[in-house]
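# Structural characterization, general
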Amino acid sequence: MQAWITDFMEQFGYIGIFLMIALENIFPPIPSEVILPFGGFMTTYTSLTVPGVIVAATAGSIVGAIVLYGIGRLLSVERLERIVDRWGGWLRVKPEDIDKANRTFQRYGVWAVFLGRMIPLVRSLISIPAGMARMNLWLFVWLSVLGTLIWNTILISVGAALGQSWGKVSEVIGAYADVVYIVQRACHTPIYVEICRNRGS
């Protein structure tokens, strides 16, 4: 998949980055830790610029987030869990993930949308309960832009700085995800208290 993603981005530039990130937000198996650092690396040997890549990636992220927000407005938790139960293996999403994201949003709302944009997997799923709760769309978009902009800027800038070694970002993100999981388990961060409780059940 990585080769296909990078080839597509090289061929279509900003549009390719926009489309890949939009799909990444809707389909978690497409990894942002490949798209964003490689987009940064592309600025070292093409006419693409770091600000341009950040704008394209952030726009794509918001489009994907709005799509999931819309799905959340149309579906109930129970119906969505049935869909995920059937197709979640391919999407690498479990019904429990949807339930936890929903409970987290119900308890922490605004902070869940903002901080969730900087957490692997959660960054996509948090849009669904926001839609289910009929959160104000403009507030949802604004908070999503802020959180996404931070995430995208970091990964793209690191990719540009590392150059041909951009692939090492995936290893760092993997370690970061492990740390987040440990924090969740320890319940040190309020936003993840509900998730921690559910992991123990």
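Details of the structure are given in the entry above.
This section reports on the structure supplied with the text. (Residues numbered from 1 in each chain as written. Predicted model: local features only at pLDDT ≥ 70, side-chain atom pairs only at ≥ 80, totals over all residues. Heavy atoms only, no water.)

## Examining the side chain of Thr6
Its location among the elements puts Thr6 in helix α1 (residues 2-26). In this structure, Thr6 is in contact with Val34, Phe38 and Trp166, ignoring residues within four places of it in sequence. (Helix = DSSP H or I, 4+ residues; strand = E, 2+ residues; numbered from the N terminus. Contact = heavy atoms within 4.5 Å.)

## Considerations on the packing of aromatic side chains
The relation between two aromatic rings is expressed through the spacing of the ring centres and the mutual angle of the planes. Summed over the entire model, instances satisfying the criterion amount to six aromatic pairs. Seen in terms of ring centroids, Phe41 and Tyr45 are 5.0 Å apart; in terms of plane orientation they differ by 50°. Their pairing is tilted. Of the residues examined, Tyr45 reaches a relative accessible area of 40% and is grouped as partly exposed. Ring geometry for Trp111 and Phe114: centres 6.3 Å apart, planes at 70°, overall edge-to-face. (Phe/Tyr/Trp six-rings, centres within 6.5 Å; stacked < 30°, edge-to-face > 60°. Buried < 20%, exposed > 50% of the residue type's maximum accessible area, 1.4 Å probe, protein only.)

## Brief notes about the packing of helix α3 (residues 50-74) against helix α8 (residues 137-162)
Between α3 and α8, whose axes approach to 8 Å, the crossing angle comes to 140°. Relative to α8, α3 is oriented oblique. Classified by chirality, the crossing of α8 by α3 is right-handed. Across from Val50, Val53, Ile54, Ala57, Thr58, Ser61, Ile62, Ala65, Ile66 and Tyr69 in α3, the residues of α8 making contact are Leu137, Phe140, Val141, Ser144, Val145, Thr148, Leu149, Asn152, Thr153, Ile156, Ser157 and Ala160. For the contact of α3 with α8, the class distribution of residues is 15 nonpolar, seven polar and no charged. (Axes fitted to C-alpha atoms, helices over the stretch in contact; angles between N-to-C directions. Parallel < 35°, antiparallel > 145°, perpendicular 65-115°, else oblique. Left-handed = near helix turned anticlockwise from the far one by under 90°. Nonpolar A, V, L, I, M, F, W, Y, C, P; charged D, E, K, R; others polar.)

## Some details on the nonpolar core
In terms of nonpolar packing, the biggest core is built from 24 residues, with Met9, Ile17 and Leu36 touching the most fellow members. Mapped by element, the contributors of at least two residues to this core are α1, α2 (32-42), α3 and α8. In this structure Met9 touches Gly16, Ile17, Met20, Ile35, Phe38, Gly39 and Met42, once residues within four positions along its chain are discounted. Within the second largest apolar cluster, 13 residues are counted, among which are Ala65, Tyr108, Ile126 and Phe140. (Core = buried A, V, L, I, M, F, W, Y, C linked by side-chain atoms within 4.5 Å.)

## What about the packing of α2 against α8?
Close contact between α2 and α8 brings their axes to 6 Å; oriented N to C, the two are set at 55°. The angle between the axes of α2 and α8 places the two elements in the oblique class. When the axes of α2 and α8 are compared, the crossing they make is right-handed. Across from Ser32, Glu33, Leu36, Pro37, Gly40 and Phe41 in α2, the residues of α8 making contact are Trp151, Asn152, Leu155, Ile156, Gly159 and Ala160. Of the residues in the contact of α2 with α8, the class split is seven nonpolar, four polar and one charged.

## Some words on α2
For α2, the tally of buried residues reaches ten of eleven residues, placing the bulk of the element in the interior. Of the positions making up α2, those classed as buried are Ser32, Val34, Ile35, Leu36, Pro37, Phe38, Gly39, Gly40, Phe41 and Met42.

## Considering the environment of Pro51
Positionally, Pro51 belongs in helix α3. According to the relative accessible area criterion, Pro51 is exposed, its value standing at 54%. Taking C-alpha positions, Pro51 is 8.5 Å from Thr153, a pair spaced 102 residues apart along the chain.

## Re the environment of Leu48
Residue placement: Leu48 occurs in the loop between α2 and α3. Taking the C-alpha atoms as reference, Leu48 lies 7.6 Å from Tyr14; in sequence the two are 34 residues apart. Apart from residues lying up to four places away in sequence, Leu48 is in contact with Gly13, Tyr14, Ile17, Met42, Thr43 and Val53.

## Side note on α8
For α8, built from 26 residues, the straight-helix expectation of 38 Å at 1.5 Å per residue is met to within 8% by its first-to-last C-alpha distance of 37 Å. Phi turns positive one or two residues past the end of α8, at Gly163, with a value near 65°. (Expected span 1.5 Å × (residues − 1).)

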